[in-house]
Amino acid sequence: MAEICLALAASHTPGLTGWFDKAPEPERRVVTEAYDAVHDAVAASGADVLLVVGNDHVANARVSDYADFTFGLAAEHRGPDEWFKPWLRVDDYTLPGAPDVASRLYEAVRDSGPGVRAEPGDLRFDDNLSVPTAMARLVDTGVRVVPVLQNCTVPPVPDERACYAFGEALGEAIRALPDGLRVGLLGSGGLSHEPGGPRYLDIDEKFDRWYLDLLQEGDHERILTEATFDRMEQAGSGGTAELLSWTVVMGAIGPRPCTSLGYVAVEQWRCGVGAVQWHLS
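So, here's what we can say about the structure. Worth saying up front: this structure is predicted, and the values here are computed from it rather than measured.

This paragraph deals with helix α4 (residues 99-109). The α-helix advances 3.6 residues per turn, and as a result positions three or four apart in sequence lie on the same side. For α4, the full list of buried residues reads Val101, Ala102, Leu105, Tyr106 and Val109. When α4 is viewed along its axis, its buried side chains cluster within an angular range of 130° and face the same direction. Each element contacted by the buried residues of α4 is listed here: β2 (49-55), β3 (69-72), β6 (116-119), β7 (144-150) and α7 (160-175).

Here it is, written out as structure tokens:
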């Protein structure tokens, strides 16, 4: 059986690349060190494949026909999408894909929910893949990447328990892959923010720190009971629920604690920024 050798999650706000230097130097240092830790963890894990689970910002499907989860099957993943380049200000990148792994995982979980799809062609990537690729220097690791884009915004959004159940199915599918394959997981998105809403510049630091404390304790049932989709929406509508990508990772690895790699609340970035790594041993 294959092994889940790594489990991480990190914020992907475009402020981290588009206007990074607007934040004070101490906060920039915290985030740089956090994403350096993500890079080092991926490199040290010996992962053959890294699944990056992140929300799709309505860039790859019509809202009238919107998938809950979409597996990217391409042999290469290129970004950022042209439309987002002036905003993200990251260099063009090409990540090697893993179409064989992606196809097997998709076939294994396609019936686990009403909206699980696969895309054999190019996906349009914004900050969901581009920010962790740039900040954690994923290209330098050489790891093959399978993007799994999810719906965190278009009703009906799969809630925390649906995302956790999807993660459980995904974890089972990963372990059923060929012996010796090492697979890493990275949840991309969050923390509190409300893009374009009346609280556009507000960060719910109290929520963010409470949520990170819950994750570090490792009680997944409590997290699912208390850190619900509705509670995320209260912390920032249309944005905070990107944390559901972290929920997918938790479902795949099962209840266990994690370590915070750092957290900052920077108004100029318009989003609470943090990262964690789960203990798998």
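Having seen the structure, we can now continue with the description.
Our focus in this paragraph is the pattern of salt bridges. By the definition in use, this model includes 15 salt bridges. Here aspartate 65 and arginine 117 are joined by a salt bridge, their closest N and O atoms 2.6 Å apart. A residue pair is termed long-range when its members are at least 10 positions apart, and aspartate 65 in the loop between β2 and β3 and arginine 117 in strand β6 qualify at 52 residues. For aspartate 65, a relative accessible area of 43% puts it in the partly exposed group. For arginine 117, a relative accessible area of 32% puts it in the partly exposed group.

Let us now look at the environment of leucine 149. Within the secondary structure, leucine 149 is located in strand β7. A residue is classified by how much of its surface remains accessible, and leucine 149, at 5% relative accessible area, is buried. Taking the C-alpha atoms as reference points, leucine 149 and valine 53, 96 residues apart in sequence, are found 5.9 Å from one another. In this view, leucine 149 contacts Gly54, Asp56, Asn60, Asp68, Phe69, Thr70, Leu123 and Asn128; residues no more than four positions away in its chain are not counted.

Another point: empty space enclosed by the protein. Applying the stated criterion across every chain, the model contains 1 cavity of 30 Å³ or more. Approximately 50 Å³ is the volume attributed to the largest cavity. Looking at the lining of the largest cavity, the elements that each hand over two or more residues are α2 (25-45), β9 (258-266) and β10 (271-278). Considering each element in turn, the lining of the largest cavity owes the most residues, 4 residues, to α2. Looking at the lining of the largest cavity residue by residue, the class counts come to 9 nonpolar, 3 polar and no charged.

Quick notes on the rules
- Residues numbered from 1 in each chain as written.
- Predicted model: local features only at pLDDT ≥ 70, side-chain atom pairs only at ≥ 80, totals over all residues.
- Heavy atoms only, no water.
- Buried < 20%, exposed > 50% of the residue type's maximum accessible area, 1.4 Å probe, protein only.
- Helix = DSSP H or I, 4+ residues; strand = E, 2+ residues; numbered from the N terminus.
- Arc of directions from axis to C-beta.
- Contact = heavy atoms within 4.5 Å.
- Salt bridge = Lys/Arg side-chain N within 4 Å of Asp/Glu carboxyl O.
- 1 Å grid on protein atoms, 1.4 Å probe; cavity = no way out; pocket = protein on both sides within 12 Å on 5 of 7 lines; lining within 4 Å.
- Points joined across faces, edges and corners; volume = space filled by probe spheres on them.
- Nonpolar A, V, L, I, M, F, W, Y, C, P; charged D, E, K, R; others polar.

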